[in-house]
Amino acid sequence: MKLIVGNLKMNLLSTAERDRYFESFKKELKDSKVGNVQIVLCVPSIHLESFTKKIKSKSVEIGSQNIFWEEKGSYTGEISAPMVASLGAQYSIIGHSERRRYFGETSAQANMKIKVALKNKLTPIYCVGETKEEKENGDAAQVIIQQISEAFAGISSTQASKIVIAYEPVWSVGSDIVPSSDEILEIKILLKKIFVELYGLPVAEKISVLYGGSVKSELINQVCIEPGMDGVLVGRESLVPRDFFKIVKIINKN
Ligand code: 13P
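Now for a look at the structure at hand. (Residues numbered from 1 in each chain as written. Predicted model: local features only at pLDDT ≥ 70, side-chain atom pairs only at ≥ 80, totals over all residues. Heavy atoms only, no water.)

1. Brief notes about the pairing of strand β7 (residues 208–212)
Regular strands have side chains that alternate between both faces of the sheet.
In step 1: Burial analysis of β7 places four of its five residues in the buried class, the great majority of the element.
In step 2: The sheet contact formed by strand β6 (residues 164–167) and β7 spans four bridges and is parallel. Residue Tyr167 lies in a different strand from β7, and its bridge partner there is Tyr211. (Buried < 20%, exposed > 50% of the residue type's maximum accessible area, 1.4 Å probe, protein only. Helix = DSSP H or I, 4+ residues; strand = E, 2+ residues; numbered from the N terminus. Pairing = 2+ DSSP bridges.)

2. Observations regarding the packing of aromatic side chains
In step 1: Taken as a whole, this structure holds eleven aromatic pairs when the rule is applied.
In step 2: Each residue in the set Tyr21, Phe22, Phe25, Phe51, Phe244 and Phe245 is aromatic and connected to the rest through ring pairs, giving one cluster.
In step 3: Arg99 extends its terminal NZ or CZ atom over the ring of Phe103, reaching a point 4.0 Å from the ring centre. (Phe/Tyr/Trp six-rings, centres within 6.5 Å; stacked < 30°, edge-to-face > 60°. Lys NZ or Arg CZ within 6 Å of the ring centre and 35° of its normal.)

3. Considering unusual backbone geometry
In step 1: Even without a glycine there, the phi angle at Asp176 is positive, about 65 degrees.
In step 2: For Asp176, the position within the fold is in the loop between β6 and α9 (181–199).
In step 3: Although it is not a glycine, Ser214 sits at a positive phi angle of roughly 55 degrees.
In step 4: Turning to its location among the elements, Ser214 is positioned in the loop between β7 and α11 (220–225).
In step 5: Of the residues examined, Ser214 reaches a relative accessible area of 7% and is grouped as buried.

4. Considerations on the environment of Val128
In step 1: Mapped onto the elements, Val128 comes out in strand β5 (residues 123–128).
In step 2: Along the primary structure Val128 and Lys26 are separated by 102 residues, whereas in three dimensions their C-alpha atoms are 31 Å apart.
In step 3: Beyond its immediate stretch of four places on either side in the chain, Val128 contacts Ile144, Gln147, Ile148, Ile165, Ala166, Tyr167, Glu168 and Leu191. (Contact = heavy atoms within 4.5 Å.)

5. Comments concerning the pairing of strand β2 (residues 37–42)
In step 1: Burial of β2 is extensive: six of the six residues sit out of reach of the surface.
In step 2: Residue alternation in β2 divides its side chains into two sets, Val37, Ile39 and Leu41 and Gln38, Val40 and Cys42, and both sets are buried.
In step 3: Pairing geometry for strand β1 (residues 2–7) and β2, over six bridges, is parallel. Across the sheet, Ile4 pairs through a bridge with Ile39, a residue of β2.

Structure, rendered in structure tokens:
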């Protein structure tokens, strides 16, 4: 089953805008066949409760875009895995490149977040990917190896098999520049090799690997189908349900 994750980022600025999104999303969901895909919407945390209450469908789960690594306490401004889980969410994005870039988040912090997510039965969607400069210097593989080995430290094989990886090259996020399907395939093979080494083949096969970065319906063949990805992580195109469902429909057919 393919996974299609929408990352709404810091959008839907008012309750009115959010409610319009619900209406349009529900209409698209009703009009579309989505039997073969799992949709996940990672929404601003302030909207988590309304999304889990208003969107009730087997095909759609809700997730947060971040969590803190502690479960509770004096951490002003943070939200915790138990809070997210108690609102009915099932997923959390962890280590997104925008968190790394604007808040200096590290893979070691992602490791703690992955552990607390799993403890609270949230599926972590862990983001990895190289910057433009790292790619140009030929360091992409090394960067990804490090991002995985730090984030998976102390994670058992049972835990690892529940984690979703999103390969999001930083240079592709928000840029409308996408890698070729061969480039994506190369990274997918690299990730599988790392997981085979860490956990063996049966576990490596269970870890889903998504592609993210400037995903659009016209590009689904290139970024998902051809490289044999397990799904996509969609930013801007998830903000208009009609565009998002174009992606859903194409992946559902394949
Ligand atoms: P865009 O699809 O807007 O490039 O964003 C990708 C992303 O960061 C998803 O997490």
